[in-house]
Amino acid sequence: MSENKNSSVVANEKIDEAKLANATKIIRELQKELPEYIDKGCGPFLAAIYDADGKLIAKSANTVMDEGCSHNHAEMNAIKLAEKKLKTYDLSPYNLSMYVTSEPCMMCIGGIMWSGIKSVYYGVPSERVTEITGFDEGFKNGWLREFKRRGITVYGPIETPRDEKVLKNYVSEGHTVYNPGEA
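What counts, and where the lines are drawn
Residues numbered from 1 in each chain as written. Predicted model: local features only at pLDDT ≥ 70, side-chain atom pairs only at ≥ 80, totals over all residues. Heavy atoms only, no water. Phe/Tyr/Trp six-rings, centres within 6.5 Å; stacked < 30°, edge-to-face > 60°. Helix = DSSP H or I, 4+ residues; strand = E, 2+ residues; numbered from the N terminus. Buried < 20%, exposed > 50% of the residue type's maximum accessible area, 1.4 Å probe, protein only. Lys NZ or Arg CZ within 6 Å of the ring centre and 35° of its normal.

A. Molecular detail of the packing of aromatic side chains. Summed over the entire model, instances satisfying the criterion amount to seven aromatic pairs. On the numbers, 4.9 Å between centres and 10° between planes, the contact of Tyr 99 with Tyr 121 is stacked. You can see Tyr 99 sitting in strand S5 (residues 97-102) and its partner Tyr 121 sitting in strand S6 (residues 119-124), a full 22 residues away along the chain. Among the residues examined, Tyr 99 registers a relative accessible area of 5% and is labelled buried. Assessed through its relative accessible area of 3%, Tyr 121 is described here as buried. Residues Trp 143 and Phe 147 carry aromatic rings whose centres are separated by 5.2 Å and whose planes lie at 85° to one another, so their mutual orientation is edge-to-face. One end of the pair, Trp 143, and the other, Phe 147, are both in helix H6 (residues 143-149), four residues apart, so they sit about a helical turn from each other. Residue classification places Trp 143 among the buried positions, given a relative accessible area of 9%. In this structure Phe 147 comes out as buried when scored by relative accessible area, which is 1%. The residue whose ring lies beneath Lys 40 is Tyr 37, and the NZ or CZ to ring-centre distance is 5.7 Å. Taking the ring centre of Trp 114 as reference, the NZ or CZ of Arg 150 above it sits at 5.7 Å.

Encoded structure:
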C-alpha cells in the first residue's frame, strides 16, 4: 500500500498526484450535491462513474429506502446505469473509474469487482461511516490487496470532513439508518 505524505490517503498503487487531484475535485462535487439527493428521500451516499476521458457515464444515490430494495446502494445503482447506457454487463473494456462519497460496503465491493470497473476513489472510510451512522458496512478484510491482484486501483479516504458532516446531519435529522433485522 502507498500513502500520500500530505494527507491520510492510501492507495493500492504508487499514489499518482494527478489522479488524486482529479478524484478530490470529483468527490468534492459529489459531496456538494449529496444533500439535494437526501432531501429527495435518498440515502447519504452518492457514486459516479467516469470514463478515461473524464466523461460522466452514470451517477446515482443510494435508493434503498426510496425504492424498498436492499441492494440499491449508490455504487450498485451507478453500475446498473452504466451497464444500461453502454448496453453491456462487462464494463472492463471502457476503462471506467468510480468515485463515491464513502468507502464501498462489502456488497458494493463485489459489484464493483464483477462489473469491470478499473478504479475506485472514495471519501469517508467505512469505520467512520459505522461510527457516525450505525450502518453496517460488512467484513472487508484485505479488499485493497484483492483489488490490486485483480488490476483494480483504489484510493481513499479522500475529502472526508465534508462528507462526515453530511452523514452526521443525516442521522441528526432523523433519517432512517437501515440494517438487516432492524426494520
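Picking up where we left off.
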